[in-house]
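Take a look at the letters that make up each chain.
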Amino acid sequence: RNIMPDAKTIIVAVYPYLPFQQTVSQGYGRCSAHYLAYPKGKEAMKQLGVVLTDAGFEIKTDPPIPVKHLAYQSGLGKYGKNSLIYHPEFGSFITLHTILTNAELELDDMDSKEITDCGSCRKCMDACPTQAIADDGIIVVDKCLRYHMLSSETMPIHMREKMGNRILGCDDCQLVCPKNKKIIKQLKPLEKIQDIIDIKEILIHAKTGLKKHMSSIAEFVGYNYARPQKIITMAVIAAGNSNDSSYLPLLADTMQYPNSTIRAYSAWAVGKLGGDEAKNLLLTALGRERDLNVQEEIQLALLNTEECCS
């Protein structure tokens, strides 16, 4: 009522998509197809909304209302133990959208007796790399990789180590789900993305703000999430998790990046790779660094290199 006082109907819809393959070659990042699909689903709902506005009705597309609960209530799907909505045909690889309207439309029959039909299956819980899915199906937000990828807060070190080569999103709980078996057989190949999300290429061109790369990257992660500093940040973390010391010269450059968060993560990544070269790079960085938070990251990274070398 606060959004539209004379609202009569909520239209709920799903936009299905195929997930990307998650096995990529060494040196490349991976991402979830969700972020590419969501704006397409949103645009489709806007087009549906035009039908209503042309008929003289008022609409609000994707207003701030609880879309997952509404999708469940409307009978579009049931909850999985990973808190996602599962559609009978498309599984959990869907984006959810709503239209609020003052058009009085005929309602579909709703079957919301069972909130979930997962039974005793725990595959999604066991597959979560950070054990972020509680036994009651609640997501423990500060354990969720996806949350930390999108958050502006500094990512805890133990979470960085769980990121692996992820650039955006985490589909682990969905990829093991038996309900998604039919969809997973249709995984989209990653040949193109392997040319685009090349960790070294991202780090090499970090100084330019990835000006020549962002439109290509946006084709896979979505334009809403194709932000240079976020992409560089995740590339730095992927480099730190690579166990490949050839990244050290590139991380030495990103330790001088204007953004302090990128400098901090770069120091962590250098320390994670370890070795004498890493130690020298960190000592040099400590001598010029003025940001207290970055200094602290460098000192922690130095401790890590000493532990690795001892």
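The structure presented is a predicted model; accordingly, all values stated were derived computationally and were not measured.

Looking at this structure, how should I read a nonpolar patch on the surface?
A cluster of nonpolar side chains, I157, L300 and L303, forms an exposed patch at the surface whose accessible area comes to about 230 Å². Mapped onto the elements of the fold, L300 is located in helix α15 (residues 292–309). With relative accessibility at 40%, the residue L300 sits in the partly exposed group.

So what exactly am I meant to see when it comes to the side chain of T305 here?
Mapped onto the secondary structure, T305 falls in helix α15. Setting aside anything within four residues of it in sequence, one finds T305 in contact with G271, G274, A278, K279 and L282.

Looking at this structure, I do not really get the sheet that holds strand β1 (residues 9–16). What am I missing?
In a beta sheet, neighbouring strands pair by backbone hydrogen bonds and run either parallel or antiparallel. Spatially, the 3 strands line up as an open sheet ordered β1-β6-β3, and their pairing is antiparallel. Lying at the two open borders of the sheet, with one neighbouring strand each, are β1 and β3 (59–61). When the angles between neighbouring strand axes are averaged without regard to direction, this sheet yields 20 degrees. Here β1 pairs with strand β6 (residues 94–101) via 8 bridges, running antiparallel. Paired with I11 across the two strands is I99, which belongs to β6. Across the face of the sheet, helix α1 (residues 34–54) comes into contact with β1, β3 and β6 while running at roughly 25 degrees to β6.

So what exactly am I meant to see when it comes to the nonpolar core here?
Nonpolar side chains in soluble globular proteins tend to be buried together. Among the nonpolar cores identified, the biggest contains 60 residues, and I199, L203, I232, V236, L251 and L282 are the most heavily contacted of them. Listed in part, the 9 residues of the second largest apolar core include V14, A71, Y79 and I85.

How should I be thinking about the packing of helix α13 (residues 260–273) against helix α14 (residues 276–288) in this particular structure?
Axes are the key here: two packed helices are described by the angle between their axes and the distance separating the axes. α14 packs onto α13 with a crossing angle of 155 degrees between their chain directions and a minimal axis gap of 8 Å. Here α14 runs roughly antiparallel to α13, going by the angle between their axes. Here α13 runs over α14; the crossing is left-handed. Together, A267, V270 and G271 of α13 and A278, L281 and L282 of α14 make up the contact between the two elements. When grouped by side-chain class, the residues that make up the contact of α13 with α14 number 5 nonpolar, 1 polar and no charged.

What is the right way to read the packing of aromatic side chains from this model?
Both the distance between ring centres and the angle between the ring planes are used here to describe each pair of aromatic rings. Considering all chains together, one arrives at 3 aromatic pairs under this definition. Ring plane angle 80 degrees and centroid distance 5.9 Å describe the contact between Y17 and F93, whose orientation is recorded as edge-to-face. You can see Y17 sitting in the loop between β1 and β2 (30–31) and its partner F93 sitting in the loop between β5 (85–86) and β6, a full 76 residues away along the chain. Of the two residues examined, Y17 and F93, each falls in the buried class. Measuring from ring centre to ring centre gives 4.8 Å for Y35 and Y225, while their planes differ by 75 degrees; the resulting arrangement is edge-to-face. Of this pair, Y35 sits in helix α1 while Y225 sits in the loop between α10 (214–221) and α11 (228–240), placing them 190 residues apart in sequence.

Could you clarify how one ought to interpret the environment of C177 in this entry?
Within the secondary structure, C177 sits in the loop between α6 (172–175) and α7 (181–184). It is 36 Å that separates the C-alpha atoms of C177 and V270, two residues lying 93 residues apart in sequence.

Conventions adopted
Residues numbered from 1 in each chain as written. Predicted model: local features only at pLDDT ≥ 70, side-chain atom pairs only at ≥ 80, totals over all residues. Heavy atoms only, no water. Patch = residues over 30% accessible without salt bridge, like charges linked within 9 Å, V, L, I, M, F, W, Y side chains within 5 Å. Areas by Shrake-Rupley, 256 points an atom, 1.4 Å probe, with all protein chains shown as cover. Salt bridge = Lys/Arg side-chain N within 4 Å of Asp/Glu carboxyl O. Helix = DSSP H or I, 4+ residues; strand = E, 2+ residues; numbered from the N terminus. Buried < 20%, exposed > 50% of the residue type's maximum accessible area, 1.4 Å probe, protein only. Contact = heavy atoms within 4.5 Å. Pairing = 2+ DSSP bridges. Axes fitted to C-alpha atoms, helices over the stretch in contact; angles between N-to-C directions. Core = buried A, V, L, I, M, F, W, Y, C linked by side-chain atoms within 4.5 Å. Parallel < 35°, antiparallel > 145°, perpendicular 65-115°, else oblique. Left-handed = near helix turned anticlockwise from the far one by under 90°. Nonpolar A, V, L, I, M, F, W, Y, C, P; charged D, E, K, R; others polar. Phe/Tyr/Trp six-rings, centres within 6.5 Å; stacked < 30°, edge-to-face > 60°.

In short, the description is geometric, and any link to function would need to be established separately.
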